[in-house]
Amino acid sequence: MAEHVVTRYRDAEQTLRLPDLHQALYDADTVFLPRTVVCLHGEDHTKKKRIFSSVFNRRFFRHYQNHVFPKALKETMDPVIADGRGDMARFAYRVLINLTADSAGIDRRHTEADTDRLLALLAKLGHAPTMGQLTDPSDRDRLLAELEEALEAFRVEFFEPSLARRRALVDRHNRGEIDRADLPQDAITVQLIHHPTDADLPYDERMKDAAFFILAGAFTTANSLMNMVNEVLDWFEDHPEDRRRLLDDPVLMQRFIWENARLHPASPITKRRALCPMDLPDGHHTAADDYVTLDLTRTNRNTDLFGADAEAFNPYRDLPDTLPQHGLSFGGGMHVCLGKLLAVGVKLTDDNKDAEETEVGTMALVMRALLRHGIARDPERRAQIDESTARRHFATLPFVLDPALAVADAA
Ligand code: HEM
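Caption draft 1: Summary view of the site of the ligand. Taken together, 28 residues surround the ligand, and among them H45, K49, T270, H335 and C337 come closest. In the model, an oxygen atom of the ligand is placed 2.9 Å from a nitrogen or oxygen of the Q23 side chain. Measuring from an oxygen atom of the ligand, one finds a backbone N or O atom of V37 at 3.5 Å. Secondary-structure elements contributing two or more residues to the shell around the ligand are α2 (42-53), α9 (203-238), β4 (269-274) and α14 (340-344).

As structure tokens, this is what we get:
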């Protein structure tokens, strides 16, 4: 089977919208992802996506941003503040796993031990999306066995108790004992409302959907956050005045976040398989079963669109309204990211930036907390990139909280 690589932004944008291209990025994983929303196609995909999308309404965002997330953030910030230092490679995952576990509908005691157990299981499941991008493909069988094991532990320790509690609540709602508005707002609950029995939705699929939801939300955002911290700390060396500006100006903060997303898409590529012979927007012809790879790192760095300095981190780049600064980092077409608003917010302007209900996104909330406490590079420990996949993951990204850089009223 031939593989065709798309590297031009506008071609990729149109290619992602073609209905006869099937998701293929996760083909190497035969255990975990095949029946999750990111791999389904056509009507099956539309149905599942519609259900999940209904979790993310304005009420959800407001509640999470103003009530749930500040708690998750505080839980993760407190030990780092006490130590005066931390490692983004742990911090980012801890803070985001709590948020996405809540939106998936996974209950847990809010202890560091529970968070770390869930993280350890998801770290194993996290190999599924990157399995097709392994630098050493002989690792595949071992990783598939680990996937099975991690899924079973996730099922027993987290999924089953969370499902049972929600089933009881949905039953009470069906008997008219509680209002719909009083049900938890999360992925497991909406699925129970729409597909109450295992005949409607097999148990195994329900469990994998919940695990995927956490993975899709936490690992992508954590990766983006680590790159963001790395870029921003470099940027401050030449532009120290922006440290304070970022805290004062949410529109500028979003520019930084989107610029970072453009340069460092959570996955450097996405991949599709042609369901029939077709002409692609870039003029290339593919046969049925050929692969079409969309190189997001390259599309996001097209100099004719993003400027001669497209390879550089420049949050101040001036782009037309028709070109989002984050490029194609949240995908496009039928598989476009479901959690973009949660991660990076709505487009901020001077008109909406100060309104309480405006979604600024979790990345901005975390960055604000770190900047207020004076995040800086740890002079004694260097950052290291994990080279085991083509994705740019940090093995370690140590930082200190420097009181001299903190803002006076940081709690
Ligand atoms: C900076 C953070 C994020 C980035 C860069 C990101 C990126 C992406 C990309 C590129 C895709 C499309 C994959 C493809 O076409 O193969 C995607 C899909 C998806 N994302 Fe995100 N994502 C982020 C955060 C989130 C969050 C916070 C959630 C949920 C809580 C989420 C849930 C999903 C889901 C469910 C899909 C699958 C949608 C579908 O297949 O129809 N993402 N994301």
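Moving on from the coordinates now.
Caption draft 2: Structural context of the sheet that holds strand β8 (residues 375-377). In space, the 3 strands of this open sheet follow the order β3-β11-β8, with antiparallel pairing throughout. Lying at the two open borders of the sheet, with one neighbouring strand each, are β3 (85-87) and β8. On average, each strand axis in the sheet is inclined to that of its neighbour by 35°, with strand direction left out of account. Strand direction decides the pairing type here: β8 and strand β11 (residues 398-401), joined by 3 bridges, are antiparallel. Among the inter-strand pairings, A376 is bridged to a residue of β11, identified as V400.

Caption draft 3: Main features of the packing of helix α4 (residues 88-104) against α9. At a minimum axis distance of 8 Å, the contact between α4 and α9 shows a crossing angle of 145°. As for how α4 packs across α9, the hand of that crossing is right-handed. Contacts between α4 and α9 involve M88, A89, A92, Y93, L96, I97, T100, A101, S103 and A104 from the former and A210, F213, I214, G217, A218, F219, T221, A222, L225, M226 and V229 from the latter. Residues that form the contact of α4 with α9 fall into these classes: 17 nonpolar, 4 polar and no charged.

Caption draft 4: Representation of unusual backbone geometry. Although it is not a glycine, D289 adopts a positive phi angle of roughly 75°. The exposure class of D289 is partly exposed, given its relative accessible area of 40%.

Caption draft 5: Spatial organisation of the environment of T46. You can see T46 is positioned in helix α2. In this structure T46 comes out as partly exposed when scored by relative accessible area, which is 39%. In the structure, T46 is positioned 289 residues away from H335 in sequence and 9.6 Å away in space, judged by C-alpha atoms. In this structure the side chain of T46 is engaged in a polar contact, spanning 2.9 Å, whose partner is the backbone oxygen of G42.

Caption draft 6: Looking closely at empty space enclosed by the protein. Evaluated as defined, the whole model comprises 1 cavity of 30 Å³ or more. The computed volume of the largest cavity comes to approximately 70 Å³. If you list the elements that add at least two residues to the lining of the largest cavity, you get α3 (58-83), α14 and α15 (362-372). The biggest single contributor to the lining of the largest cavity is α3, with 4 residues. Its residues assigned to classes, the lining of the largest cavity comprises 7 nonpolar, 3 polar and 1 charged.

Caption draft 7: Seen up close, the packing of aromatic side chains. Applying the stated criterion to the full structure yields 11 aromatic pairs. Between W235 and F256, the ring centres sit 5.9 Å apart and the planes meet at 90°, which makes this aromatic pair edge-to-face. Of the two residues, W235 is situated in helix α9 and F256 in helix α11 (residues 250-263); the sequence distance between them amounts to 21 residues. Considering the side-chain rings of F256 and Y316, the 6.4 Å spacing of their centres and the 80° angle between planes classify their relative orientation as edge-to-face. Here Y316 lies in the loop between α13 (303-306) and α14 and F256 lies in helix α11, a separation of 60 residues in the sequence.

Caption draft 8: Quick peek at the nonpolar core. Core analysis: the biggest nonpolar cluster contains 107 residues, and F32, M88, F91, I106, L125, F154 and L370 have the highest contact counts within it. When residues in this core are grouped by element, the largest group, 18 residues, is from α9. The contact partners of L125, leaving out residues within four places of it in the chain, are F32, L147, A150, L151, A211 and L215.

Caption draft 9: Structural view of the pairing of strand β1 (residues 3-6). With burial as the criterion, only one face of β1 is covered, namely that bearing H4 and V6; the residues E3 and V5 on the opposite face remain uncovered. Across 4 bridges, the pairing between β1 and strand β7 (residues 291-295) is parallel. In the strand pairing of β7, H4 is matched with V292.

Caption draft 10: A look at the pattern of salt bridges. The tally for this structure, following the rule as stated, stands at 36 salt bridges. Residue E13 pairs with R10 through a salt bridge whose shortest N-O separation is 3.2 Å. Here R10 and E13 lie together in helix α1 (residues 9-15), a separation of 3 residues that amounts to about one turn. Across the pair D107 and R166 runs a salt bridge whose closest N-O atoms are separated by 2.9 Å. Of this pair, D107 sits in the loop between α4 and α5 (112-125) while R166 sits in helix α7 (residues 140-174), placing them 59 residues apart in sequence. Residue D107 is classed as partly exposed on the basis of its relative accessible area of 28%. Here the salt bridges share partners, and the residues they tie into one network are R35, D44, K48, E205 and D209.

Caption draft 11: The environment of P79, seen in detail. In this structure, P79 sits in helix α3. C-alpha separation for the pair P79 and Q185, spaced 106 residues apart in sequence, amounts to 29 Å.

What counts and how
- Residues numbered from 1 in each chain as written.
- Predicted model: local features only at pLDDT ≥ 70, side-chain atom pairs only at ≥ 80, totals over all residues.
- Heavy atoms only, no water.
- Near = heavy atom within 4 Å.
- Polar contact = N/O pair within 3.5 Å; in protein donor to acceptor, adjacent residues only side chain to side chain.
- Helix = DSSP H or I, 4+ residues; strand = E, 2+ residues; numbered from the N terminus.
- Pairing = 2+ DSSP bridges.
- Axes fitted to C-alpha atoms, helices over the stretch in contact; angles between N-to-C directions.
- Left-handed = near helix turned anticlockwise from the far one by under 90°.
- Contact = heavy atoms within 4.5 Å.
- Nonpolar A, V, L, I, M, F, W, Y, C, P; charged D, E, K, R; others polar.
- Buried < 20%, exposed > 50% of the residue type's maximum accessible area, 1.4 Å probe, protein only.
- 1 Å grid on protein atoms, 1.4 Å probe; cavity = no way out; pocket = protein on both sides within 12 Å on 5 of 7 lines; lining within 4 Å.
- Points joined across faces, edges and corners; volume = space filled by probe spheres on them.
- Phe/Tyr/Trp six-rings, centres within 6.5 Å; stacked < 30°, edge-to-face > 60°.
- Core = buried A, V, L, I, M, F, W, Y, C linked by side-chain atoms within 4.5 Å.
- Salt bridge = Lys/Arg side-chain N within 4 Å of Asp/Glu carboxyl O.

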